[in-house]
Amino acid sequence: MIDQRLATELNGLLGTRGFLSAEASRADCADRQGRSPEAVLLPELPSEAAHALRLASGAGVQVVPRGAGTSWPQLAYAEGALVLGSRRLCRLWELDTENLTASVEPGLGLAAFQAAVEQQGLFFPPDPPNAATATLGGAAGVDARGPRALKYGSVKDYVLGLEALLADGTRLQTGANTVKNASGYDLTRLFVGARGTLCFYTRLRLRLLPLPAARETLVVSGDDLAGAIALAEAIMAAGLVPARLEALDCAAARLLGLDPGQAPRALLLCELDGSAPAVAAQTERVRRAVGNTEVDGLAGEQAAEVWSRLTGWPAVYTAEVPRPRMAAFFGGLSLLPTPPLGVSASLSAGRVRFLYGAGNSNHEAAAAATVAALRPLTAGLNGGQADGTAARLLATRLKAAFDPRGTLVPHMALTGATE
Amino acid sequence: MLSETSKRELVAVVGGRAAWTDPADLALYAYDATHYTRTPAIVLAPACTAEVAAIMTIASRERVPVVARGAGTSLSGSATPAEGGIVISTARLNRILAIDAASMSATVEPGVVAADFMRAVESQGLFYPPDPSSQSVSTLGGNVAQGAGGPRGAKYGTTKDYVVGLEAVLADGTVLHCSVDDDYDLIHLLVGSEGTLAVITKITVRLLPLPEAKQTALAIFDSFEAAAEAVAAIIAAKIIPTTLELMDNFVVRKVQSYRPVGLPEDAEGVLLMEVDGYGAEVAEQVEEIAAIAKRCGASTVKVARNRAENDDLWAARRAAYAALARSRPTAVAEDATVPRSQLPAIVRTIKHLAEKYKLEVPVLAHAGDGNTHPIVLCDWRDGDEMARVERFAGELFRATVEMGGTLSGEHGIGLVKQGYMEWQHGAEGIAAMRRVKQAFDPNDLLNPGKVLPT
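Since we're looking at a predicted model, the values are computed, not measured. (Residues numbered from 1 in each chain as written. Chains lettered and ligands numbered in written order. Predicted model: local features only at pLDDT ≥ 70, side-chain atom pairs only at ≥ 80, totals over all residues. Heavy atoms only, no water.)

It is worth spelling out helix H4 (residues 110–119) of chain A at this point. All names here are of chain A. All of the buried residues in H4 are Leu110, Phe113, Gln114 and Val117. In a view along the axis of H4, the buried residues occupy a sector of 100 degrees, so they form one face of it. After H4 finishes, the residue glycine 121 shows a positive phi value of roughly 75 degrees. (Buried < 20%, exposed > 50% of the residue type's maximum accessible area, 1.4 Å probe, protein only. Helix = DSSP H or I, 4+ residues; strand = E, 2+ residues; numbered from the N terminus. Arc of directions from axis to C-beta.)

Right under this line is the structure:
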């Protein structure tokens, strides 16, 4: 429990719009188990956020940084924790079309930002599954990535610098307003992806790209999912890096309104982007790479619609599977106790999603069974055999160095052992 | 101080033929590409990770500083040894362990020479973009430690954008494996840490497909400002060339007198531009940037039609550093980097400061990413001149930071710029970096006295 005095102080600092009591918090951001924080703090200014953190950490209270709350369905609040939310820190400070950079506050929505950027003919590529609701701060916190990751990387690749608050409220500036920077330790990349355990962002300096002049989505027919994946590998082996590359089984294709036809039972979606001649050249290469296989183009609007539905499709279970392991992974899929409604394998994101359809308890049970069945297949897919002991120990030391009182996101246990 | 017993113990780790203690040998390792000199007590060339770990265990027990060294081409003093310390040379850790076309990645030991690696991957149709000018001698371990960049940075970024896995030995001899799945991004703490956090023993990088085509154009301007304007106009046209190299009149004259390459002596700005990608795309883009250069007032624009012409256009840029370096005993290469749009302003500042401090400062720039290379020509034996160089640098860095830039785009901080770090990062930023150092190397054994202000 936070004591009355702290509550009064925080309330006085943040006002009624910036301080949600325990009662209001429950409605705002309860976790799946129905637990909610003691209060939600919604500062409007970085200085308010700093002051609030100073008060909370001074009182030994734990603080959970939060954007839109879309990334952590598994989030569980510790007893007595506060949420420090970014949603009123949501200004777009600067969109610099000369330097191709932007300066934003963490609570700005990813989708709104991308729309603003595209209006200027610019491009902010990260496209995580929750893009429609996520905030930029949240996306940076988890270093979000989506189907464009293969060609364009993750959020981390676009953060040039941060203004951030350490757990005790210390304000810090990292990086520079330049694309190249070799000055000291890269705190920017340490903080991006740290899931709010090291700092709370108050501003992000982002790098932008020119919006590709042309885009083309090709649909390649495969015999089955394994066949579609083999075609994807053939495309990659031809020296192409598609913007997005996704294999869909028959059912997933139908869910998206695509017709996989009779004989072929899977489709490969391959998006190419760049200048118009570059897209033409890539299209030609794809056709050559897949040999006699049928290749269709999707009309621009239909392509946009399919990609957007695919990205937003509720997946009950998502497995992170690196592209080179994808074929092997599907070799073991026959083990699934309950066949999913559909399977989509993003080779460009390194992610397989099992689509069961939402809200049905049978599907939830099927999903749980799937997770259990897949565990042996997914274990060790990413790390290989390397010993991570030293890395875990260092993470623990870094956490202690930046947040000695354990103020920030105490619910998220690091995988490391204690020293 | 390293005792004779410890020295014998260290020699035993790597064998007598991979250890040097003779003063004549030690002198060869006493410096890097800066003018600093410090003599180590012993130089060791381990052949495997276990040997590096054994060296670190002894060093940490004896509390003796250790500096890892690739080819010693650091322009910031990062590879200068610690006086009386241990130098770990990566000369024998020089194997390319794997190039995997399927996963588009490669794993190497740190002593592999950058250009050798680039050639090896290119022979398989793959591409490793970071291209520091020192590539024909500098090692990948050094490139990773410094976060090295190069002319291709505008389009392809720098070394930090390609490292996806590392193996390193910590100060206490523990072997650390970092992957992209770690809780915290240890990879990017190590990249650019200049050997102050760990000794890198294996590097995994991601690769790209080799671009199908590239083409080069060279534009000559009567005013430097016009050349800088052309850079801005190209970016505004949404073209990001692989390379946008800018040379001022000073560089042009030095190059012409060193190795005539057919540049007019009165050229105030020369812009070397390269685009890469698919054939048709490249052909279209090179014409587009040539037209933009003309619109911005270029007196001459040459577009290379074949490889030989391409090499001709590059000749001036390739000769530039040698032409400058031979003209005075010392060439201090700075790499102040600013937001691209501030390039004309920072170049004006450089010219102004050069005049103020009576120094010769030709300017090269990777203009596409705002990375300037003012080359201060001087003589390290002339105390008065070196003092002026120091003051020049101080004012330049002040201006750089005020423009939202960074002290270093690609050379690192080392011994040269640590005194200015607080201007860029603030006292809080420096304190945060010290926490990182403390977490990795609590006894300050790895490359002590570098990067952070002393």
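At the interface, 69 residues of chain B touch 60 residues of chain A. Each partner contributes to the roughly 5400 Å² buried at the junction of chain B and chain A, and carbon and sulfur atoms together form 60% of this total. When the buried area of chain B at its contact with chain A is split by residue, Asp183, Tyr184 and Tyr278 of chain B rank highest and sum to 16% of it. For the pair chain B and chain A, the interface holds 23 residue pairs in polar contact (both at pLDDT 80 or more). Residue assignment for the side of chain B that touches chain A shows that the elements contributing at least two residues are strand S9 (175–179), helix H7 (186–190), helix H10 (279–295) and helix H14 (421–440) of chain B. Grouping the constituent residues of the side of chain B that touches chain A by class yields 26 nonpolar, 26 polar and 17 charged. (Contact = heavy atoms within 4.5 Å. Buried area = accessible area lost by both parts, 1.4 Å probe. Polar contact = N/O pair within 3.5 Å; in protein donor to acceptor, adjacent residues only side chain to side chain. Nonpolar A, V, L, I, M, F, W, Y, C, P; charged D, E, K, R; others polar.)

Once that is clear, we can look at the sheet that holds strand S18 (residues 351–355) of chain A. Residue and element names in this part refer to chain A. Spatial strand order, S15-S12-S14-S13-S17-S18-S16: seven strands in an open sheet with antiparallel pairing. Among the strands making up the open sheet, the edge pair consists of strand S15 (295–298) and strand S16 (317–320). Direction aside, the axes of adjacent strands within the sheet are offset by 20 degrees on average. In terms of strand pairing, S16 meets S18 through four bridges, oriented antiparallel. Looking at the pairing, tyrosine 317 lines up with phenylalanine 354 of S18. Strands strand S12 (214–222), strand S13 (244–249), strand S14 (266–274) and strand S17 (342–346) of the sheet are contacted by helix H8 (residues 225–237), whose axis makes an angle of about 25 degrees with S14. Lying on the sheet, helix H10 (residues 276–289) is in contact with S12, S14 and S15; it crosses S14 at an angle near 150 degrees. (Pairing = 2+ DSSP bridges. Axes fitted to C-alpha atoms, helices over the stretch in contact; angles between N-to-C directions.)

Attention now goes to the nonpolar core. Judged by nonpolar contacts, the single largest core of 177 residues is most densely connected at Phe191 of chain A together with Phe440 of chain B. The biggest single contributor to this core is helix H13 (residues 383–402) of chain B, with eight residues. If near-sequence neighbours (up to four positions away) are discounted, phenylalanine 191 of chain A is found in contact with Leu162, Leu166, Leu172, Thr174, Leu198, Cys199, Tyr201 and Phe402 of chain A. Within the second largest apolar cluster, 32 residues are counted, among which are Leu20, Ala49, Leu89 and Ala167 of chain A. (Core = buried A, V, L, I, M, F, W, Y, C linked by side-chain atoms within 4.5 Å.)

Quick look at the confidence of the model for chain B now. Scored by pLDDT, chain B has a mean of 95; 100% of the residues are at 70 or more. Scoring the predicted complex yields pTM 0.95 and, for the interface, ipTM 0.96. (pLDDT = per-residue confidence, 0-100.)

So, on to the packing of aromatic side chains. All chains considered together, the criterion is met by 10 aromatic pairs over all chains. Here phenylalanine 124 of chain A and tyrosine 158 of chain A contribute two aromatic rings whose centre-to-centre distance is 5.8 Å and whose plane-to-plane angle is 70 degrees, an arrangement assigned as edge-to-face. Separated by 34 residues along the polypeptide, phenylalanine 124 of chain A in the loop between strand S7 (122–123) and helix H5 (136–141) and tyrosine 158 of chain A in the loop between helix H6 (149–152) and strand S8 (159–165) bring together distant segments of the chain. For the pair shown, phenylalanine 124 of chain A and tyrosine 158 of chain A are each scored as buried. Taking 5.2 Å as the distance between ring centres and 85 degrees as the angle between the ring planes, the aromatic pair formed by phenylalanine 127 of chain B and tyrosine 156 of chain B counts as edge-to-face. Residue phenylalanine 127 of chain B is located in strand S7 (residues 126–127), and its partner tyrosine 156 of chain B is located in helix H6 (residues 153–156); the two are separated by 29 residues in the primary sequence. One exposure class covers both phenylalanine 127 of chain B and tyrosine 156 of chain B, and it is buried. Joined through ring pairs, the aromatic side chains of Phe113, Phe124 and Tyr158 of chain A make up one cluster. Stacked on the ring of phenylalanine 123 of chain A, the Lys or Arg arginine 215 of chain A has its end atom at 5.2 Å from the ring centre. Sitting above the plane of the tryptophan 423 of chain B ring, arginine 398 of chain B keeps its charged end 3.9 Å from the centroid. (Phe/Tyr/Trp six-rings, centres within 6.5 Å; stacked < 30°, edge-to-face > 60°. Lys NZ or Arg CZ within 6 Å of the ring centre and 35° of its normal.)

Now for the packing of helix H9 (residues 249–258) of chain B against helix H11 (residues 307–325) of chain B. Residue and element names in this part refer to chain B. Their axes nearest at 9 Å, the elements H9 and H11 cross at an angle of 85 degrees. Here H9 lies roughly perpendicular to H11, going by the angle between them. Side by side, H9 and H11 meet where Val251, Lys254, Val255 and Tyr258 of the first sit next to Ala316, Ala319, Ala320, Ala322, Ala323 and Leu324 of the second. Classifying every residue of the contact of H9 with H11 by side-chain character gives nine nonpolar, no polar and one charged. (Parallel < 35°, antiparallel > 145°, perpendicular 65-115°, else oblique.)

Residue and element names in this part refer to chain A. Looking at where arginine 205 falls in the secondary structure, it is placed in strand S10 (residues 200–207). A relative accessible area of 18% means that arginine 205 is categorised as buried. In terms of polar contacts, arginine 205 uses its side chain to reach the side chain of glutamate 94, at 3.1 Å. Beyond its immediate chain neighbours, meaning those up to four positions away, arginine 205 contacts Glu94, Thr101, Ala102, Ser103, Tyr158, Val159, Leu160, Gly161, Ala176 and Asn177.

Residue and element names in this part refer to chain B. Their axes nearest at 9 Å, the elements helix H1 (residues 4–14) and helix H3 (residues 49–62) cross at an angle of 170 degrees. Between H1 and H3, the crossing angle belongs to the class labelled roughly antiparallel. Contacts between H1 and H3 involve Ser6, Glu9, Leu10, Val13 and Val14 on the former and, on the latter, Glu51, Ala54, Ile55, Ile58, Arg61 and Glu62. Looking at the contact of H1 with H3 residue by residue, the class counts come to six nonpolar, one polar and four charged.

A few words on helix H11 (residues 300–312) of chain A. Residue and element names in this part refer to chain A. Counted at 1.5 Å a residue, the expected span for H11 with its 13 residues is 18 Å, and the 18 Å between its end C-alpha atoms agrees. Taken residue by residue, H11 has Ala303, Val306, Trp307, Leu310 and Thr311 as its buried positions. Projection of H11 onto a plane perpendicular to its axis shows the buried side chains occupying an angular sector of 125 degrees, all on one side. In H11, the exposed residues that point more than 90 degrees away from the buried face are Glu301 and Gly312. Packing partners of the buried residues in H11 comprise S12, S13, S14, S15, S17 and S18. (Expected span 1.5 Å × (residues − 1).)

Glancing now at the sheet that holds strand S4 (residues 82–85) of chain A. Either a parallel or an antiparallel arrangement is found when strands of a sheet pair, and the pairing is made through backbone hydrogen bonds. All names here are of chain A. Spatially, four strands are ordered S1-S2-S4-S3 in an open sheet, and the strand pairing comes out mixed. The open sheet has two edge strands with one neighbour each: strand S1 (19–20) and strand S3 (63–66). Taken together, the three bridges between strand S2 (residues 39–41) and S4 define a ladder with parallel strand orientation. Counted as the bridge partner of valine 40 is valine 83 from S4. Lying over the sheet, helix H2 (residues 22–29) contacts S1, S2, S3 and S4, oriented at roughly 75 degrees with respect to S2.

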